[in-house]
Amino acid sequence: MSLVLDSAAQDLLFREARTANTFTDEPVTDEQVQAIYDLVKYGPTAFNQTPLRITLVRSEEARARLVKHMAEGNQAKTATAPLVAILSADNEFHEELPVLFPHFPQAKDVFFSERPVREQSALVNAALQAAYFIVGVRAAGLAAGPMTGLDFAGVQKEFLDDDHTPLMVVNIGKPGEDASFPRSPRLAYDDVITTV
């Protein structure tokens, strides 16, 4: 095999990992979330930008406010997951570039002075970071249930501001009974890869 990562880690992160629809009641701690973030923050992005913002929904009051914005089929999952995270893109990420991209601090103004450019870049790079976050959840021995079936405008108004665009909601925890559907098909190498 051509991969350096051992087979058990490949299974944990990809082959055996599934989107969880049910969870046990075992809590997800702040220490676990910190360990996940401290691992995945090193994933590459353009200009080393870090537009992903994570809002942890822990209180029952906040959970109820979020559940009402979820699609009907996602409400029970979000209501019962040990931890729920709202992942969003910070459209003002460029303010941090002088620190995050110190060899070219002018990138903040040269490339990202216009809001539409920032929004597009924030969306793409926060989506990259969201994928790293999901893999990080798996690396912690937890399951993730990422969902885009929600009222995005409602979630933004309820939890964020005009500078933050919601991307998805992720339920996090130890998988419960009948947590996952059977593995769905994936496209083959030849269906995806083209060499020119």
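In this text the structure is predicted, and so the values were computed from the model without any measurement.

Draft legend 1. Layout of the pairing of strand β3 (residues 143-147). Here β3 lies mainly inside the structure; four of its five residues are buried. As defined by bridge partners, β3 adjoins strand β4 (residues 164-173) across five bridges and the pair is classed as antiparallel. Counterpart to Ala144 in the pairing with β4 is Ile172.

Draft legend 2. Highlighting a nonpolar patch on the surface. Taken together, the side chains of Leu187, Tyr189, Val192 and Ile193 make up a nonpolar region of the molecular surface, amounting to roughly 450 Å² of accessible area. Mapped onto the fold, Val192 is located in helix α9 (residues 189-192). A residue is classified by how much of its surface remains accessible, and Val192, at 51% relative accessible area, is exposed.

Draft legend 3. Seen up close, the packing of helix α3 (residues 60-67) against helix α8 (residues 152-159). Contact pair α3 / α8: the axes reach a minimum separation of 10 Å and the direction vectors enclose 155°. In terms of their interaxial angle, α3 and α8 are classed as roughly antiparallel. Counting all contacts with α3, which are made through Ala62, Arg65 and Leu66, the residues of α8 involved are Val155, Glu158 and Phe159.

Draft legend 4. Geometry of the pattern of salt bridges. A full pass over the atoms with the stated rule returns 14 salt bridges. For Glu61, the salt bridge identified is with Arg65, shortest N-O distance 3.1 Å. On the criterion of helical spacing, the pair formed by Glu61 and Arg65 is a turn pair, its members being four residues apart in helix α3. Its relative accessible area of 23% is what places Arg65 among the partly exposed residues. Residue Arg115 is joined to Glu92 by a salt bridge in which the shortest nitrogen-to-oxygen separation is 3.0 Å. Residue Arg115 is located in helix α7 (residues 115-139), and its partner Glu92 is located in the loop between β2 (83-90) and α5 (97-100); the two are separated by 23 residues in the primary sequence. Exposure remark for Arg115: the relative accessible area of 25% places this residue in the partly exposed category. The structure contains a network of salt bridges with shared partners spanning Glu92, Arg115, Arg118, Glu119 and Asp163.

Quick notes on the rules
- Residues numbered from 1 in each chain as written.
- Predicted model: local features only at pLDDT ≥ 70, side-chain atom pairs only at ≥ 80, totals over all residues.
- Heavy atoms only, no water.
- Buried < 20%, exposed > 50% of the residue type's maximum accessible area, 1.4 Å probe, protein only.
- Helix = DSSP H or I, 4+ residues; strand = E, 2+ residues; numbered from the N terminus.
- Pairing = 2+ DSSP bridges.
- Patch = residues over 30% accessible without salt bridge, like charges linked within 9 Å, V, L, I, M, F, W, Y side chains within 5 Å.
- Areas by Shrake-Rupley, 256 points an atom, 1.4 Å probe, with all protein chains shown as cover.
- Salt bridge = Lys/Arg side-chain N within 4 Å of Asp/Glu carboxyl O.
- Axes fitted to C-alpha atoms, helices over the stretch in contact; angles between N-to-C directions.
- Parallel < 35°, antiparallel > 145°, perpendicular 65-115°, else oblique.
- Contact = heavy atoms within 4.5 Å.

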